[in-house]
Amino acid sequence: MFSHNGIIIVFTLLIALMASIMPMPLSVDAFRPDWVLIVLVYWCLALPSKINIITAWFMGFILDVLLGSVLGVHAAAMALSVYIVVVNFQKIRNFSVWQQALIIGVLAALYHLLVFWMQRFLNDAVFLTSYLYPVITSVVLWPWVFLLLRRVRRHFKIM
């Protein structure tokens, strides 16, 4: 069974999944942040031995099911994005929160471009600049998500 620490981590990931499918007005839906990616990156930076590429692939697969996309598209993009974090977690940890936010922006852009390329290959999708709007909101939200999750991790003594 899950330990106390594992339950808290799973709970934060479930909240991220719910935020990813929560209904929003059409005028702001294009700016929906990449909640699952942001939360996964935080946990990969905080606990790289527990949260890794397999977790990212699984969360991406669940996101594929929830969004009704071709199975494996979000899973592959999420796994590749998190792989970059896992390989470089010691460097990224040493950056300030604002520098990390820029890295989140690059990762979110990579994630969306990978999803687009796979959808283009499979479904002949057309690129729209609105695909990259979530990058902006992910960058802006990273410092607050980082501080909130760090507070949760310290409060529950997750190590």
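Parameters at a glance
- Residues numbered from 1 in each chain as written.
- Predicted model: local features only at pLDDT ≥ 70, side-chain atom pairs only at ≥ 80, totals over all residues.
- Heavy atoms only, no water.
- UniProt positions renumbered as here; feature names shortened; annotations may be inferred.
- Helix = DSSP H or I, 4+ residues; strand = E, 2+ residues; numbered from the N terminus.
- Rg over C-alpha atoms; globule rule 2.2 N^0.38 Å.
- Buried < 20%, exposed > 50% of the residue type's maximum accessible area, 1.4 Å probe, protein only.
- Contact = heavy atoms within 4.5 Å.
- Areas by Shrake-Rupley, 256 points an atom, 1.4 Å probe, with all protein chains shown as cover.
- Lys, Arg positive; Asp, Glu negative; His and termini not counted.
- Charge placed at Lys NZ, Arg CZ, Asp CG, Glu CD.
- Salt bridge = Lys/Arg side-chain N within 4 Å of Asp/Glu carboxyl O.
- Patch = residues over 30% accessible without salt bridge, like charges linked within 9 Å, V, L, I, M, F, W, Y side chains within 5 Å.
- Axes fitted to C-alpha atoms, helices over the stretch in contact; angles between N-to-C directions.
- Parallel < 35°, antiparallel > 145°, perpendicular 65-115°, else oblique.
- Left-handed = near helix turned anticlockwise from the far one by under 90°.
- Nonpolar A, V, L, I, M, F, W, Y, C, P; charged D, E, K, R; others polar.
- Phe/Tyr/Trp six-rings, centres within 6.5 Å; stacked < 30°, edge-to-face > 60°.
- 1 Å grid on protein atoms, 1.4 Å probe; cavity = no way out; pocket = protein on both sides within 12 Å on 5 of 7 lines; lining within 4 Å.
- Points joined across faces, edges and corners; volume = space filled by probe spheres on them.

The name an unreviewed UniProt entry gives the protein is Rod shape-determining protein MreD, with Litorilituus lipolyticus as the organism. On record in UniProt, under Function (unreviewed entry), the comment for the protein is "Involved in formation of the rod shape of the cell. May also contribute to regulation of formation of penicillin-binding proteins."

A. Looking closely at the overall build of the protein. A count of helices and strands for the protein gives eight helices and zero strands. The C-alpha atoms of the protein give a radius of gyration of 15 Å, which matches the 15 Å a tight globule of 159 residues would have. Projected onto its principal axes, the C-alpha positions of the protein cover 45 × 35 × 30 Å. The buried share of the protein, reckoned over its 159 residues, is 43%. Partitioning the intrachain contacts of the protein with sequence separation of at least 6 by distance along the chain shows that 68% fall at a separation of at least 24. When the accessible surface of the protein is split by element, carbon and sulfur atoms take 73% of a total near 9100 Å². Computed over 10 positive and 4 negative side-chain charges, the inter-centroid distance for the protein is 24 Å.

B. Geometry of the pattern of salt bridges. Per the stated rule, a full pass over the model turns up two salt bridges. A salt bridge links Arg32 to Asp29, with the shortest nitrogen-to-oxygen separation between them at 2.6 Å. For Asp29, a relative accessible area of 29% translates into the label partly exposed. Note that Arg120 and Asp124 form a salt bridge whose closest N and O atoms lie 3.1 Å from each other. Among the residues examined, Arg120 registers a relative accessible area of 41% and is labelled partly exposed. Look at Asp124 and you get exposed, because its relative accessible area is 54%.

C. View of the UniProt feature "transmembrane region" (unreviewed entry) in the protein. The positions UniProt marks with the feature "transmembrane region" (unreviewed entry) are residues 6-28, 35-59, 65-89, 101-119 and 131-149. Taken end to end, residues 65-89 has its terminal C-alpha atoms 29 Å apart, with 76% of it in helix and 0% in strand. Along residues 101-119, the helical share is 100% and the strand share 0%, with 27 Å between the first and last C-alpha atoms.

D. Spotlight on a nonpolar patch on the surface. A cluster of nonpolar side chains, Val10, Phe11, Leu14, Ile15 and Met18, forms an exposed patch at the surface whose accessible area comes to about 450 Å². Along the polypeptide, Leu14 turns up in helix H1 (residues 4-21). Judged by relative accessible area, Leu14 falls into the partly exposed class, the value being 43%.

E. Broad picture of the packing of helix H4 (residues 53-67) against helix H5 (residues 73-87). Packing of H4 against H5 leaves a shortest axis separation of 7 Å and a crossing angle of 150°. By the angle between their axes, H4 is roughly antiparallel relative to H5. Where H4 crosses over H5, the handedness of that crossing is right-handed. Between H4 and H5, the residues in contact are Ile53, Ala56, Trp57, Gly60, Phe61, Leu63, Asp64 and Leu67 and Val73, His74, Ala75, Ala76, Met78, Ala79, Val82 and Tyr83, respectively. When the residues that make up the contact of H4 with H5 are grouped by side-chain class, the tally is 13 nonpolar, two polar and one charged.

F. Spatial organisation of the packing of aromatic side chains. One pass over the full model with this rule turns up nine aromatic pairs. When the ring of Trp57 is compared with that of Phe61, the centres are 5.3 Å apart and the planes differ by 15°; the resulting orientation is stacked. Placement of the pair is Trp57 and Phe61 together in helix H4, with a separation of four residues, close to one helical turn. With a centroid separation of 5.8 Å and 70° between ring planes, the pair formed by Phe127 and Tyr131 is classed as edge-to-face. A connected cluster of aromatic rings, assembled from ring pairs, spans Tyr42, Trp43, Trp142 and Phe146.

G. The layout of surface pockets, seen in detail. The computed volume of the largest pocket comes to approximately 530 Å³. Asp34, Leu67, His74, His112 and Pro134 are, among the 23 residues lining the largest pocket, the residues nearest its centre. Of all the elements in the fold, those that place two or more residues in the lining of the largest pocket are helix H3 (35-46), H4, H5 and helix H7 (97-123).

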